[in-house]
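# Tertiary structure, described
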Amino acid sequence: MGLKQVVKPLDDVFDESLDTAIAPSLGKVYGYATGAFKPETQVEAVTLSLYGDPDRFFSATYITEGMRRVFEEVLGALERGAGGLIVLPSLFGGGKTHVLLALYHAFRKPEALLKAEPRDVAEQLYERVGRVAGEGGVEVVVVDGDYASYAPTPSNPLKIGPYTVHSVWGYIAHCLGRYDDVRGGDERFEAPPVDRLEALCAGKRALILMDEILSGYALNLSGEQRRILLEFFRRLAMAVRGRRAAVIIAIPAYYHAERGAVEVEELYRDLEDLIRGFFEAVRDQATIIPPVKLGADTGGDVVRILRKRIFGKSDVVVPGDVLAYYQGIYKFELFPPVARHVEALKESYPFHPTYIDTLLRHVAEKKPKVFQRTRFAILVTRKAVRRLWRSQR
């Protein structure tokens, strides 16, 4: 049985204009969803129609183990008051923004979760998200450091009615309707005391999503202002403990859990001290969850993500005759030993294990700024599958 009889690509794979419609920023999706941002190009319009709509977003989403853990931590905070700060460490293309978008869309439209895979996980999360959202609602705050409208700084403040916001804590307080609680600290760019930060979430269920804060946002701060930002995070981590509030922060670093160490993205070497300082400031209070397992092993999340994004389903069974064919080929040692594992083929099909290994280890890891891991894997696979299906082979 040939590949074309086993799986069928989604219709959008054949639209070349959608190749660049991958992973828009959190701030842009939020602006689109709230009517603050209008697409200026056809590519933007297509991108935001895919990622700005909860149903279409979850139709193309595979809930990784990391994403599931983030949801459960957030729900634990909102349901039981087991609040806390969650850190999503990931290098370029590692899925951190996708997790933030998943949280945003889930609390906008819980039933859209049912379109994601695995189905059993999606159903469990839907029941809990729907219940929490229906019990008085959840106030969602989006902070994106690449947009002054969603992350003001002293050099680029945000004028809002009777006052001007100068910091991320001022912006969060404004969104929660409690700007006066931190007005002084915001105007002077001083980290508010812990009790003031606790007051922001008092009597509320709050979900605060933060992206590009230790990258785009920090680039617009002086050395002293960066120190103050770290102090804010240290206090915020303490303030949300035991509250019905969850704060999720995505940062450009890889976390080595076995060593408790971080590896900073090459692009942000100038901010390495800040990023490491952030980990030191929140380590004892935060939960650290890498969103996607990016190992080149075929059992990783990337294979299931590619299946879902290209073929619309995360699980594909290898036909018996295909398996027998490869077992026969492997006997002739046409592949190196590392690529002759039948079990690995079962895990990665319809992709060969060496294809995934090449994408993640030999290409994306060498030039992460250009080849952004999961994003790059999706782009290359779209093109490869499209070419194969259009051929006569």
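The coordinates are above.
Everything in this summary refers to the structure shown in the same document. Quick caveat, the model's predicted, so the values are computed rather than measured.

## Some words on the overall build of the protein
A count of helical and extended segments in the protein gives 18 helices and 9 strands. Across the 393 residues in the protein, those meeting the buried criterion constitute 54%. Once local pairs closer than 6 in sequence are excluded, the contacts in the protein between residues at least 24 apart make up 72%. Per element, the accessible surface of the protein, about 17,300 Å² overall, is 49% carbon and sulfur.

## Topic: the packing of helix H8 (residues 168–175) against helix H12 (residues 223–239)
Running from N to C, H8 and H12 point in directions that differ by 45°, and their axes come no closer than 11 Å. Classified by the angle their axes make, H8 and H12 are oblique. Contacts between H8 and H12 involve Val168, Trp169 and Ile172 on the former and, on the latter, Ile228, Leu229 and Phe232. Of the residues belonging to the contact of H8 with H12, the class tally is 6 nonpolar, no polar and no charged.

## Details of the environment of Ile356
In this structure, Ile356 sits in helix H17 (residues 353–364). Under the relative-accessibility criterion, Ile356 is labelled buried at 1%. As for Ile356 and Leu306, which are separated by 50 residues in sequence, their C-alpha atoms are 9.9 Å apart.

## Points about the nonpolar core
In a soluble, globular protein the nonpolar side chains are often hidden away together inside. Counting 100 residues, the largest nonpolar core has Val74, Phe107, Leu229, Phe232, Phe233, Ile248 and Phe278 as its most contacted members. Excluding residues within four positions of it along the chain, Leu229 makes contact with Val168, Trp169, Ile213, Leu214, Tyr217 and Leu221. With 26 residues, the next largest nonpolar core counts Ile310, Tyr349, Phe376 and Ala377 among its residues.

## So, the sheet that holds strand E6 (residues 245–251)
Sheets are built from strands that pair by backbone hydrogen bonding, the pairs being arranged parallel or antiparallel. Overall, parallel pairing links the 5 strands, which are arranged E2-E5-E6-E1-E9 in an open sheet. Of all strands in the sheet, those bounded by a partner on one side alone are strand E2 (139–144) and strand E9 (286–288). Going across the sheet, the axis of each strand differs from the next one's by a mean of 20°, ignoring polarity. The sheet contacts of helix H6 (residues 96–108) involve strand E1 (84–89), E2, strand E5 (206–211) and E6, and relative to E5 the element is tilted by about 150°.

Cut-offs used in this document
- Residues numbered from 1 in each chain as written.
- Predicted model: local features only at pLDDT ≥ 70, side-chain atom pairs only at ≥ 80, totals over all residues.
- Heavy atoms only, no water.
- Helix = DSSP H or I, 4+ residues; strand = E, 2+ residues; numbered from the N terminus.
- Buried < 20%, exposed > 50% of the residue type's maximum accessible area, 1.4 Å probe, protein only.
- Contact = heavy atoms within 4.5 Å.
- Areas by Shrake-Rupley, 256 points an atom, 1.4 Å probe, with all protein chains shown as cover.
- Axes fitted to C-alpha atoms, helices over the stretch in contact; angles between N-to-C directions.
- Parallel < 35°, antiparallel > 145°, perpendicular 65-115°, else oblique.
- Nonpolar A, V, L, I, M, F, W, Y, C, P; charged D, E, K, R; others polar.
- Core = buried A, V, L, I, M, F, W, Y, C linked by side-chain atoms within 4.5 Å.
- Pairing = 2+ DSSP bridges.

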